[in-house]
There are 2 protein chains.
Amino acid sequence: MSNEVVQQLIAELGSAVVLDEAALEASREDRSGHRAAERPLAVVRPGSIAEVQTTMRIAHASRTPVVPRGAGTGLAGGAIASPGAIVLDVSGMDRILEIDEDDELAVVEPGVLNGALNARLAQSGLWFAPDPASREISSIGGNIATNAGGLLCAKYGVTREAVLGLAVVLADGRLIRTGRRTVKGVTGYDLTALLTGSEGTLGIIVEATVRLRPIPLGGPVTIAAAFPDVEAAAAACTAVTAAKLRPAILELLDSGSIARIAEHLGEAALVGTPLAGLAPGEAFVVAQCDDAGAEADAVAVAAVFEAAGGRTRRSGDVAEGERLLGIRRAMHPAMAARGEVLIEDVAVPRSKLAEMFRAIEAIGARHGVEIPTIAHAADGNLHPNFVYEGGEVPAHLWAAADEMFRTAVRLGGTLTGEHGVGILKRRWLADELGPDVFELQQGVKRLFDPLGILNPGVMFEPAPPAR
Amino acid sequence: MSNEVVQQLIAELGSAVVLDEAALEASREDRSGHRAAERPLAVVRPGSIAEVQTTMRIAHASRTPVVPRGAGTGLAGGAIASPGAIVLDVSGMDRILEIDEDDELAVVEPGVLNGALNARLAQSGLWFAPDPASREISSIGGNIATNAGGLLCAKYGVTREAVLGLAVVLADGRLIRTGRRTVKGVTGYDLTALLTGSEGTLGIIVEATVRLRPIPLGGPVTIAAAFPDVEAAAAACTAVTAAKLRPAILELLDSGSIARIAEHLGEAALVGTPLAGLAPGEAFVVAQCDDAGAEADAVAVAAVFEAAGGRTRRSGDVAEGERLLGIRRAMHPAMAARGEVLIEDVAVPRSKLAEMFRAIEAIGARHGVEIPTIAHAADGNLHPNFVYEGGEVPAHLWAAADEMFRTAVRLGGTLTGEHGVGILKRRWLADELGPDVFELQQGVKRLFDPLGILNPGVMFEPAPPAR
């Protein structure tokens, strides 16, 4: 049967069907460190909506699972080969179909990289605001499939706020279009929002109409600050928000993170920053203000930091700002240099940030693991990092993560702020949602994908095989 | 049977069940001018979530239709008595349960008026941004049920962007909670967004956690301008956006609207405004800038208006600004003074604003009706007004509206930007959505409300009676 499916794909799609070992192997992984148990049946690289539809028609008729995949930068195992599946890799559908400056929108294929769209837009003075830390390598289709957040979304919104409309191929190969080219519109249920963040389990996003914004004029002015401990740093961030200040970026790094970054970059990289001569246990915050009031806002942010016990440095120089932010951006490479990294993604209400940092420290101590943690402090989203040796995530790390998830939910938050549920967090989904909402969510899945062929095992535990 | 249902409601809910004529009559209408054919079975005015659940359990067991209703200010017939229905009037559930300044959120019951929440927030420097023109009389539950827009949403987003979480009673009486208290969160499908704008057809909103924003500092600076004709005014508004200017308010009134307002307010009210001495055919735009750069932005907006042929007046005085905006706000009373008003609600991409105004004029001429039209110009949302004598909307007005809807959709827009589908626009829903999306929407409805008891006839044509 599976051989027949492959033959049929080849007959109808020719060279879009890729069977070489390297491609099949590559599709087993994303950036989570998790690796699928098996290779897929085939990788299909469609060049058009019609080829996506053909793939889905063949898959539907043969009940073959399909894993939609973009740039493969996911952090939750949401787009990796599952047994007997076709991996539908849309990364080659990467054309920017339209930029409409008057209506401040772009129409893009799903494989367009976030950074590529912004590079193309630079001359127009417009900008696609969602900015996952992976923006240079992640695709807009993937940003939408996970409702990606990023550093700027407390001020500029998550991906959902930037999606006006979608073209989606359904499980049976039909093409639908949701939404519109207008900012407002309330005809019927908001399927555009429902599909945003659905992790490839409801349909294949093949085109998106996204909202653009004017690039903020003024700034950036960057403020970096060192604090005696992470609680003081968290309190300082909460105080910034309470003072009604709205920096575009507000990133917090605990002492474990800074130690790893200092090792990775070398002490020289920290000279002239508040991190030079940092004492053990100290924490670091970097903020950036933009817009017309950037300079005044930055002065006010620095004052709040100093009142909270911070040693600050403020600069309106773009290169200097990039250098300060670069410390934050070095986090992932610094961790990756030490082994495999599991990057977690809890979010809590802003006011609970210090409490959550405290809890993570206690959990780490209890389980004997170090958990360097950074936070998008303006929206309460924390990324605790677990480093381990290659292979599967060890059980004691999952035990620590489990405690962390439950703490976040108890504090009014969530187990995933922006990475998605994928495979890695599905076992906690029902706990956070409760049985009635979980049942409705499964109903939504069945409505869009009655045969269960779209990304099985993602978000929900896999169903027993169909007979 | 229906008598039994009423007896059961009384037995379990006592004085929350209202049967007096005035209440039953009042529930036949909203602000659309449409009137239900019959009175409902009863009006229930619950004081608690538990009473809503009791009502739904009784309704579910007896398959009695339920019409959720808030302040009754809807403009699409979405919350009016349907035959044999219980009207579930939640306007008495109007407590502000919590305001959390640190986390910038409020938890409210659905009957809280939009304006009442903002009055309560004034001292905190925070603000609930969704601002339908009806904000003083419309409830937050209703704002959410219709995903209300308003004057400010090109800059500050529609209601969906301000809803973090909901408590909802399902058709069978179960209570669910969706969303969370954090800005970010991607566990499972976004049911909060799906329920926002669902017009009471999926569940009863009994509590909402809404996002607050800091009140913008700086401004308002108001700019009013008169233009030779509506196309020049529309082009000027498009030019403001193209210049990357982002006034909080950008309202356009065509000559028919101004004429009605001038009659209603009297010429004296226009002295000292660009409308004094207005020539026939001229159109009017009023803009308001806020935030740190308000004054500079307002100067730039005025320059764009003047370059486009406008006679402008700019003022940083709050009272003067209110007076200029008051001209726009007089639109509804001015129209209502002439008869029943059907306020339509098409939206088009900003760049098509002039074309849509032209089309409305042509449609009016063809059908022999005057259609005074105003627009939230920054988001392309137009409100064409039809005046008629009491009773049902005459057929020739619907014929004109029908042409208007089709034109808006052809231009990449929608038949309703912010009022909702309700009863009045359900016959056009499938046309805009297309058959496949319409079928999915009906599937969503069946998933949440398998017996079809929630607001039957709203959004979708009523099903044939169950046997």
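Along each chain, numbering runs from 1 in the same order as the chain's sequence is written. Key to labels: chains lettered from A, ligands numbered from 1, both in the order written. Residues qualify for local features only when their pLDDT is at least 70, as the model is predicted, and side-chain atom pairs are given and counted only at 80 or more; totals for whole chains, interfaces and linings, by contrast, use all residues. The basis for every side-chain value is the complete set of non-hydrogen atoms in the structure, without hydrogens or water.

Moving on: the overall build of chain A. Within chain A one finds 16 helices and 18 strands. Our radius of gyration looks at C-alpha atoms and nothing else; its globule reference is 2.2 Å times the residue count to the power 0.38. Whereas a compact globule of 467 residues would reach a radius of gyration of roughly 23 Å, chain A reaches 22 Å, a difference of no more than 12%. Taken over the C-alpha atoms alone, chain A extends approximately 65 × 55 × 45 Å along its principal axes. Across the 467 residues that make up chain A, the buried fraction comes to 61%. Throughout, a contact is declared for two residues whenever any of their heavy atoms are within 4.5 Å. Pairs at least 24 residues apart make up 74% of the contacts formed inside chain A by residues separated by at least 6 positions. About 16300 Å² of surface is accessible on chain A, with carbon and sulfur atoms providing 52% of the total. Starting at the N terminus, helices and strands are each numbered in turn, a helix being any DSSP run of H or I of at least four residues and a strand any DSSP run of E of at least two. Burial classes: relative accessible area under 20% of the type maximum marks a residue as buried, over 50% as exposed, and values in between as partly exposed (1.4 Å probe, protein chains only). Throughout, the Shrake-Rupley method with a 1.4 Å probe supplies accessible areas, and for residues the shown protein chains are the sole cover considered.

Of note, the bond from glycine 219 of chain A into proline 220 of chain A is cis; its omega dihedral lies within 30 degrees of zero at 0 degrees. Turning to its location among the elements, proline 220 of chain A is positioned in the loop between strand S11 (213-214) and strand S12 (221-227). Positive phi, normally seen in glycine, also occurs at arginine 63 of chain B, with a value near 55 degrees. Residues other than glycine seldom take positive phi values, yet glutamate 199 of chain B does so here, at roughly 55 degrees. Examined against the element boundaries, glutamate 199 of chain B turns out to sit in the loop between helix H7 (191-195) and strand S10 (204-211). By relative accessible area, which is 6% here, glutamate 199 of chain B ends up buried.

On to the UniProt feature "domain: FAD-binding PCMH-type" (unreviewed entry) in chain A, then. UniProt positions are given in the numbering used here, feature names are shortened, and annotations may be inferred rather than shown by experiment. In this structure's numbering, the residues bearing the UniProt feature "domain: FAD-binding PCMH-type" (unreviewed entry) are residues 36-215 of chain A. Span residues 36-215 of chain A is 21% helix and 24% strand, its end C-alpha atoms 40 Å apart.

Moving on, we get to the relation of the copies chain A and chain B. When chain A is fitted onto chain B, the two copies agree to an RMSD of 0.0 Å after a turn of 180 degrees and an axial shift of 0.0 Å. Both copies are brought into coincidence by an operation consistent with a two-fold rotation axis. Least squares is the method for superposing the copies, and the C-alpha atoms it fits come from residues with pLDDT of at least 70 in both.

Residue and element names in this part refer to chain A. When you tally the buried positions in strand S8 (residues 163-169), you get seven out of seven residues, the bulk of the element. Two strands pair if DSSP finds at least two bridges between them. When S8 meets strand S10 (residues 204-211), the two strands line up antiparallel, connected through six bridges. Residue glycine 165 lies in a different strand from S10, and its bridge partner there is threonine 209. The sheet contact formed by S8 and strand S9 (residues 175-179) spans five bridges and is antiparallel. Note that in S9 the partner of glycine 165 across the bridge is glycine 179. In this antiparallel pair of consecutive strands, S8 and S9, the connection spans five residues, and glycine 173 shows a positive phi of 95 degrees.

This next bit is on the interface of chain A and chain B. Taken residue by residue, the interface counts 80 residues in chain A and 80 residues in chain B. The buried area of a pairing is the accessible area, by a 1.4 Å probe, that goes missing from both parts when the two are put together, added over both. Between chain A and chain B lies a buried interface of about 6400 Å² when both sides are counted; carbon and sulfur atoms form 59% of it. Considering only the surface of chain A that becomes buried against chain B, Lys184, Val186 and Tyr189 of chain A emerge as the three largest contributors, covering 16% of it. The salt bridge definition used is simple: a Lys or Arg side-chain nitrogen within 4 Å of an Asp or Glu carboxyl oxygen. If you look at where chain A meets chain B, you find 16 salt bridges.

Within a sheet, neighbouring strands are paired by backbone hydrogen bonds and run either parallel or antiparallel to one another. Residue and element names in this part refer to chain B. Spatial ordering of the open sheet is given by S5-S6-S10-S8-S9, a layout of five strands whose pairing is antiparallel. What marks the edges here is a single partner per strand, and that holds for strand S5 (96-100) and strand S9 (175-179). Going across the sheet, the axis of each strand differs from the next one's by a mean of 10 degrees, ignoring polarity. Two elements, strand S6 (residues 105-108) and S10, share four bridges in a ladder whose sense is antiparallel. Counted as the bridge partner of alanine 106 is valine 210 from S10. For helices, the fitted line uses only the C-alpha atoms of the stretch in contact; every axis is such a line through C-alpha atoms, and the angle between N-to-C directions lies from 0 to 180 degrees.

Let's shift gears to the domain arrangement of chain A. Residues and elements named next belong to chain A. An automatic or database domain assignment supplies the residue ranges for each domain. As far as domains go, chain A holds domain 1 (2-92), domain 2 (96-214), domain 3 (221-330) and domain 4 (334-410). The C-alpha centroid of domain 4 is placed 32 Å from the C-alpha centroid of domain 1. At the interface, five residues of domain 1 touch six residues of domain 4. Note on domain 1 versus domain 4: buried area summed over both sides is about 360 Å², and carbon and sulfur give 37% of it. The largest per-residue losses of area from domain 1 upon contact with domain 4 belong to Ser32, Gly33 and Leu75, which jointly make up 74% of the total buried on that side. For the interface between domain 1 and domain 4, the tally reads zero salt bridges. Throughout this entry, Asp, Glu, Lys and Arg are counted as charged residues, while Ala, Val, Leu, Ile, Met, Phe, Trp, Tyr, Cys and Pro are counted as nonpolar. The remaining residues, Gly among them, count as polar. Residue composition of the side of domain 1 that touches domain 4, grouped by class: one nonpolar, three polar and one charged.

Attention now moves to the side chain of glutamine 53 of chain B. Residues and elements named next belong to chain B. Note on placement: glutamine 53 falls in helix H3 (residues 49-62). Polar contacts, as used here, are pairs of N or O atoms within 3.5 Å; protein pairs need one atom able to donate a hydrogen and one able to accept it. Residues neighboring in sequence count only if both atoms are side-chain atoms. In terms of polar contacts, glutamine 53 uses its side chain to reach the backbone carbonyl oxygen of glycine 173, at 2.8 Å. Filtering out sequence-adjacent residues up to four positions away, glutamine 53 remains in contact with Val169, Gly173, Arg174 and Leu175.

All names here are of chain A. One open sheet accounts for five strands, arranged S5-S6-S10-S8-S9; its pairing is antiparallel. The open sheet has two free edges, formed respectively by strand S5 (96-100) and S9, since each of these has just one partner strand. With strand direction ignored, the average angle separating the axes of adjacent strands in the sheet is 10 degrees.

Moving on, we come to the environment of glycine 412 of chain A. On the secondary structure map, glycine 412 of chain A appears in the loop between helix H14 (395-410) and helix H15 (426-433). Sequence-wise, glycine 412 of chain A and lysine 155 of chain A are 257 residues apart; in three dimensions their C-alpha atoms are separated by 21 Å. In this structure, glycine 412 of chain A is in contact with Pro349 of chain A together with Arg180, Arg181 and Thr182 of chain B, ignoring residues within four places of it in sequence.

As a further point, take the environment of leucine 411 of chain B. In this structure, leucine 411 of chain B sits in the loop between helix H14 (395-410) and helix H15 (426-433). For the pair leucine 411 of chain B and proline 349 of chain B, spaced 62 residues apart in the sequence, the C-alpha separation amounts to 7.4 Å.

Two packed helices can be described by the angle between their axes and the distance between those axes. Residues and elements named next belong to chain A. Put simply, helix H1 (residues 2-13) and helix H3 (residues 49-62) touch, their axes get as near as 10 Å, and they point 155 degrees apart. The angle between H1 and H3 falls in the class roughly antiparallel. Note that H1 runs across H3; the crossing there is right-handed. Residues Val5, Gln8, Leu9, Glu12 and Leu13 of H1 touch H3, and the partners they reach there are Glu51, Thr54, Thr55, Ile58 and Ser62. Oblique is the label for any angle not under 35 degrees, not over 145, and not in the 65 to 115 range, which are roughly parallel, roughly antiparallel and roughly perpendicular in turn. Helix crossings are classified by the rotation of the near helix relative to the far one: an anticlockwise turn of less than a right angle makes the crossing left-handed, while a clockwise turn makes it right-handed.

This next bit is on the environment of threonine 54 of chain B. All names here are of chain B. Summarising the element assignment, threonine 54 is placed in helix H3. Threonine 54 sits 204 residues away from isoleucine 258 along the chain, and the two C-alpha atoms are 50 Å apart. Apart from the residues within four sequence positions on either side, threonine 54 is in contact with Glu12 and Leu13.

The next point concerns H15 of chain A. Residue and element names in this part refer to chain A. Those residues of H15 that fall on the buried side of the exposure criterion are Trp428, Leu429, Glu432 and Leu433. Seen along its axis, H15 keeps its buried residues to an arc of 130 degrees; they face one direction. If you follow the buried residues of H15, they end up packed against H14 and helix H16 (435-448). The first or second residue beyond H15 is glycine 434, which carries a positive phi of 85 degrees. Of all possible arcs, the one meant is that of the directions from the helix axis to the C-beta atoms.

Residues and elements named next belong to chain A. Along the polypeptide, threonine 64 turns up in the loop between H3 and strand S3 (66-69). Given the relative accessible area of 5%, threonine 64 is considered buried. Look past the residues within four positions of threonine 64 in its chain and what remains in contact with it is Val5, Leu41, Ala59, Gly84, Ile86 and Ile453.

Right, let's talk about the packing of aromatic side chains for a bit. How two aromatic rings sit relative to each other is set out by the distance from centre to centre and by the angle between their planes. Two rings belonging to Phe, Tyr or Trp (six-membered ring only in the last case) form a pair when the distance between their centres is within 6.5 Å. Interplanar angles under 30 degrees mark stacking, angles over 60 mark edge-to-face geometry, and anything in between is tilted. One pass over the full model with this rule turns up twelve aromatic pairs over all chains. Considering the side-chain rings of tryptophan 398 of chain A and tryptophan 428 of chain A, the 5.5 Å spacing of their centres and the 35 degrees angle between planes classify their relative orientation as tilted. Highlighted residues: tryptophan 398 of chain A in helix H14 and tryptophan 428 of chain A in helix H15, separated in sequence by 30 residues. Residue tryptophan 428 of chain A is classed as buried on the basis of its relative accessible area, which comes to 4%. Pairwise contacts between aromatic rings join Tyr189 of chain A together with Phe438 and Phe460 of chain B into one cluster. Counting as a charge over the ring demands two things of the Lys NZ or Arg CZ atom: a distance within 6 Å of the ring centre and an angle within 35 degrees of the ring normal. When the ring centre of tryptophan 398 of chain A is taken as origin, the NZ or CZ atom of arginine 427 of chain A, which lies over that ring, is 5.1 Å away.

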